[in-house]
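Breakdown of the fold
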Amino acid sequence: MKKWMIFFVIVAAFLVGANSYAPQLAEAGLCEALSAKFNLHSDDVRVQASPGAKIFLGDIDAITLHANNVEVNGLKFSHFDCNLYGVHFKPLLALADRQVRVTHAESGEMTASVRSEELEKFLVQKVEGLTQPQVSFEDDAIRVQGRVKLGGLVTANADIRGHFGMKGSKLMFIPSSVNVEGMGVQVSATQLANVEIYDFAGFPLGIQPDRVTMRDGILTIHGQVSNS
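A brief look at the structure comes next. Here the structure is a predicted model, which means the values were calculated and not measured.

Right, let's talk about the overall build of the chain for a bit. Looking only at helices and strands, the chain has three helices and twelve strands in total. The long-range share in the chain, meaning contacts at least 24 apart out of those at least 6 apart in sequence, stands at 48%. Element-wise, carbon and sulfur atoms account for 54% of the exposed surface of the chain, whose accessible area totals about 13,200 Å².

Further remarks concern unusual backbone geometry. Each neighbour pair has its own omega, and for Ser50 with Pro51 the value is -5°, a cis peptide bond. Mapped onto the elements, Pro51 comes out in the loop between strand 1 (45-48) and strand 2 (59-72). Its identity as a non-glycine residue notwithstanding, Gln132 has a phi of 50°, on the positive side. Structurally, Gln132 is set in strand 5 (residues 131-138). Owing to a relative accessible area of 63%, Gln132 belongs among the exposed residues under this scheme. Despite not being glycine, Asp216 has its phi angle at roughly 50°, a positive value. With respect to the helices and strands, the residue Asp216 is situated in the loop between strand 11 (207-215) and strand 12 (218-225).

Under the counting rule described, the total for this entry stands at four aromatic pairs. Pairing Tyr198 with Phe200 gives two aromatic rings, centres 4.8 Å apart and planes at 70°, and the pair type is edge-to-face. Each member of the pair, Tyr198 as well as Phe200, carries the same accessibility label: buried. In textbook terms, an aromatic cluster arises when at least three aromatic residues are bridged by ring pairs, as seen for Phe122, Tyr198 and Phe200.

Turning our eyes to something else, we now look at the environment of Gln132. Counting along the chain gives 16 residues from Gln132 to Val148, while the straight-line C-alpha distance between them is 9.1 Å. Those residues in contact with Gln132, other than ones at most four positions away along the chain, are Gln145, Gly146 and Arg147.

A word on the environment of Ser50. The residue Ser50 is located in the loop between strand 1 and strand 2 in this model. With relative accessibility at 58%, the residue Ser50 sits in the exposed group. Considering only alpha carbons, one finds Ser50 and Ala62, twelve residues apart in sequence, at a separation of 9.8 Å.

Considering the arrangement of structural elements, one finds His222 in strand 12. Judged by its relative accessible area of 16%, His222 falls in the buried class. At 3.2 Å, the side chain of His222 forms a polar contact with the side chain of Thr213. Excluding anything up to four places from it in sequence, His222 contacts Met110, Thr111, Pro209, Asp210, Arg211, Val212 and Thr213.

The strand order across the open sheet built from six strands is 1-2-3-4-12-11, with neighbouring strands paired in antiparallel fashion. Since the sheet does not close on itself, it has two edges, and those belong to strand 1 and strand 11, each with one partner. Here the average twist between neighbouring strands, direction ignored, is 10°. Where strand 11 meets strand 12, eight bridges bridge the pair, whose relative direction is antiparallel. What sits directly across from Met214, in strand 12, is Leu219. Its contacts with the sheet place helix 3 (residues 116-126) against strand 3 (75-89), strand 4 (102-115), strand 11 and strand 12, and it is angled at close to 95° to strand 4.

Here we take up the pattern of salt bridges. When charged atoms on two side chains of opposite charge get close, those side chains can pair. All chains considered together, the criterion is met by seven salt bridges. Salt-bridge contacts for Asp43 lead to Arg46; the nearest nitrogen and oxygen are separated by 3.9 Å. Where Asp159 meets Arg143, a salt bridge forms, and the shortest distance between an N and an O atom there is 2.7 Å. Here the residue Asp159 occupies a position in strand 7 (residues 154-167), and Arg143 occupies one in strand 6 (residues 141-150), the gap between them amounting to 16 residues. For Asp159, a relative accessible area of 13% translates into the label buried. One salt-bridge network, held together by shared partners, links Arg143, Asp159 and Arg161.

Criteria and thresholds
Residues numbered from 1 in each chain as written. Predicted model: local features only at pLDDT ≥ 70, side-chain atom pairs only at ≥ 80, totals over all residues. Heavy atoms only, no water. Helix = DSSP H or I, 4+ residues; strand = E, 2+ residues; numbered from the N terminus. Contact = heavy atoms within 4.5 Å. Areas by Shrake-Rupley, 256 points an atom, 1.4 Å probe, with all protein chains shown as cover. Buried < 20%, exposed > 50% of the residue type's maximum accessible area, 1.4 Å probe, protein only. Phe/Tyr/Trp six-rings, centres within 6.5 Å; stacked < 30°, edge-to-face > 60°. Polar contact = N/O pair within 3.5 Å; in protein donor to acceptor, adjacent residues only side chain to side chain. Pairing = 2+ DSSP bridges. Axes fitted to C-alpha atoms, helices over the stretch in contact; angles between N-to-C directions. Salt bridge = Lys/Arg side-chain N within 4 Å of Asp/Glu carboxyl O.

Set out below in structure tokens:
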């Protein structure tokens, strides 16, 4: 009987330790796994599991990620918030490489904010053939002005207006109008090709952005977990 009591005490002590420390181990492993694409700090990731020992089976109740000034694939987000629920991972693989790689999340959502200065940098890079560019933001509208070459000889003033939107996994600049003026001639058009700004394909944690909002020079990207 005494041996059984000792056994149960050891098991109980293990479970108490597992419940206390397993979430911390998962946080460290998840932060390490995301470090290839995010510049995160250990305090940016929180893991919740009850009981904590279920983490050793590859199950997590919730993951919360909150970070400021985080860069992902060249795009800097001033704020990044993500909540995942019903998260699953492969514990044996996590033990092997000391990283927690999420394989599936039952639900979740994300919001990420990008400042106008960062958006301006991307717009200037993506709008081809434009020199001396100037970008301004008016509520949810964007205005891009600059100089373009017509026929490789004449330089004209270009005034492009549009807004940001999502098309599949891509953040796009969607022009609504363009005016080109040079040599006393002005040409206007409304049918213009969209300009790809950023592709979220392969974004970490299975998050799929689906809409954007623009206010006070801040672009907020909204997304949710895609289980398809």
